[in-house]
Amino acid sequence: MSKLVALLIAALSGVTMAVQGTANSRLAEKTSLWESTFLVHLVGTIIVGVIMLVFGVGGFRPNKWFSVPWYLYIGGVLSVLIIYLVAASIPRVGVCNATTAIIVGQVAAACIIDHLGLFGVEKIVWNYTKLIGIALFAVGAKLLLN
């Protein structure tokens, strides 16, 4: 896959996150934050299960699950927090403001993960241009929040 295609896929992911956050916050208003978090995960689990069964992709190999480092399962915990926190923030600050804050947090965390090579990713060391880019990003985010 080319870098351009990968970036387009990442951008599409950003679009889906904004739509998902909005839908999740509305679902939480109709149910509750915890119910909506549960329902979103239940629907997602069913969809993935159907895709795996119908299309035969991804496999189902529980024997491999125990060989994975424990800390890589943090995604499940974080997923619950993400759904809950996004659904809680959007009604209070709006979709644009919440999404802006989310993206700033993602970029800051991503830079730290890259710089330290956390979770086994290749280290991408910071330099002054990345720091300038982050500063400009933060300024742009502040302008969006006004």
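In this text the structure is predicted, and so the values were computed from the model without any measurement. (Residues numbered from 1 in each chain as written. Predicted model: local features only at pLDDT ≥ 70, side-chain atom pairs only at ≥ 80, totals over all residues. Heavy atoms only, no water.)

## So, the environment of Gly 44
For step 1, the next point in the chain: Along the polypeptide, Gly 44 turns up in helix 2 (residues 33-55).
For step 2, the next point in the chain: C-alpha separation for the pair Gly 44 and Gly 105, spaced 61 residues apart in sequence, amounts to 24 Å. (Helix = DSSP H or I, 4+ residues; strand = E, 2+ residues; numbered from the N terminus.)

## Brief notes about the packing of aromatic side chains
For step 1, the next point in the chain: For the coordinates displayed, the defined rule picks out 3 aromatic pairs.
For step 2, the next point in the chain: The interplanar angle of 90 degrees and the centroid separation of 5.9 Å between the aromatic rings of Trp 70 and Tyr 71 together place this pair among those described as edge-to-face.
For step 3, the next point in the chain: Judged by relative accessible area, which is 34%, Tyr 71 ranks as partly exposed.
For step 4, the next point in the chain: Ring centres of Tyr 71 and Phe 119 lie 6.2 Å apart, and the angle between their planes is 40 degrees; this geometry places the pair in the tilted category. On the criterion of sequence distance, the pair formed by Tyr 71 in the loop between helix 3 (62-65) and helix 4 (74-93) and Phe 119 in the loop between helix 5 (95-116) and helix 6 (128-145) is long-range, its members being 48 residues apart.
For step 5, the next point in the chain: Aromatic rings pair up to connect Trp 70, Tyr 71 and Phe 119 into one cluster. (Phe/Tyr/Trp six-rings, centres within 6.5 Å; stacked < 30°, edge-to-face > 60°. Buried < 20%, exposed > 50% of the residue type's maximum accessible area, 1.4 Å probe, protein only.)

## Quick word on the side chain of Asn 24
For step 1, the next point in the chain: Position of Asn 24 among the secondary structure elements: in helix 1 (residues 3-30).
For step 2, the next point in the chain: With a relative accessible area of 7%, Asn 24 lands in the buried category.
For step 3, the next point in the chain: Beyond its immediate stretch of four places on either side in the chain, Asn 24 contacts Ser 36, Val 40, Ile 83 and Ala 87. (Contact = heavy atoms within 4.5 Å.)

## Description of the pattern of salt bridges
If charged atoms from side chains of opposite charge come close, those side chains can pair.
For step 1, the next point in the chain: Following the criterion strictly, the structure yields 1 salt bridge and no others.
For step 2, the next point in the chain: Salt-bridge contacts for Glu 29 lead to Arg 26; the nearest nitrogen and oxygen are separated by 2.4 Å. Here the residue Glu 29 and the residue Arg 26 both occupy positions in helix 1, the gap between them amounting to 3 residues, near one helical turn. (Salt bridge = Lys/Arg side-chain N within 4 Å of Asp/Glu carboxyl O.)

Purely spatial values, then, with no claim about function.
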